[in-house]
Amino acid sequence: MREVKALVVDTLTATVDELCQKFGVRKTACALILAMWRRRQFKNHISHLSNRMRHDIGLADNEEAPGFPLWVILTRPY
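Calculation criteria
Residues numbered from 1 in each chain as written. Predicted model: local features only at pLDDT ≥ 70, side-chain atom pairs only at ≥ 80, totals over all residues. Heavy atoms only, no water. Helix = DSSP H or I, 4+ residues; strand = E, 2+ residues; numbered from the N terminus. Areas by Shrake-Rupley, 256 points an atom, 1.4 Å probe, with all protein chains shown as cover. Buried < 20%, exposed > 50% of the residue type's maximum accessible area, 1.4 Å probe, protein only. Lys, Arg positive; Asp, Glu negative; His and termini not counted. Salt bridge = Lys/Arg side-chain N within 4 Å of Asp/Glu carboxyl O. Contact = heavy atoms within 4.5 Å. pLDDT = per-residue confidence, 0-100.

Undergrad: Would you mind showing me how to read the overall build of the protein chain here?
TA: Along the protein chain, the regular secondary structure elements total four helices and zero strands. Entry remark: accessible area of the protein chain is about 7,900 Å², with carbon and sulfur atoms responsible for 63%.

Undergrad: I would appreciate a short explanation of the side chain of Arg54 in the present structure.
TA: The topology assignment puts Arg54 in helix α3 (residues 51–56). Although Arg54 is buried, it forms no salt bridge, and the closest oppositely charged side chain is Asp61 at an N-O distance of 5.9 Å. The residues touching Arg54, leaving out its near neighbours within four places in the chain, are Ile46, Leu49, Leu59, Ala60, Asp61 and Asn62.

Undergrad: Which parts of the structure should I look at to understand the side chain of Thr28?
TA: Of note, Thr28 is situated in helix α2 (residues 25–46). With near-sequence residues (within four places) excluded, Thr28 lies in contact with Leu19, Cys20 and Phe23.

Undergrad: Would you explain the confidence of the model for the protein chain in this entry?
TA: Note that predicted coordinates carrying low pLDDT should not be read in detail. Put simply, the protein chain has an average pLDDT of 76, and 62% of its residues get 70 or more. Model confidence for the protein chain, summarised as mean pLDDT per element, is weakest for helix α4 (residues 70–75) at 64 and strongest for α3 at 85.

The following block contains the structure:
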């Protein structure tokens, strides 16, 4: 098992070195940061959806307690 991990680390290191040599350290680092930001941005865009909307588009339900919907407050008679 240890040998397999060492092989993967060597391959990853070699790949990163190859990318840095081909595109430069600055462009490689910027691409990595941009990829991480895009992934985080996608997660944040679906976090506000209700369980019903998540179910409609095929996502798993959110485990957090459902919040009080805003439309109930706005349409409540006084």
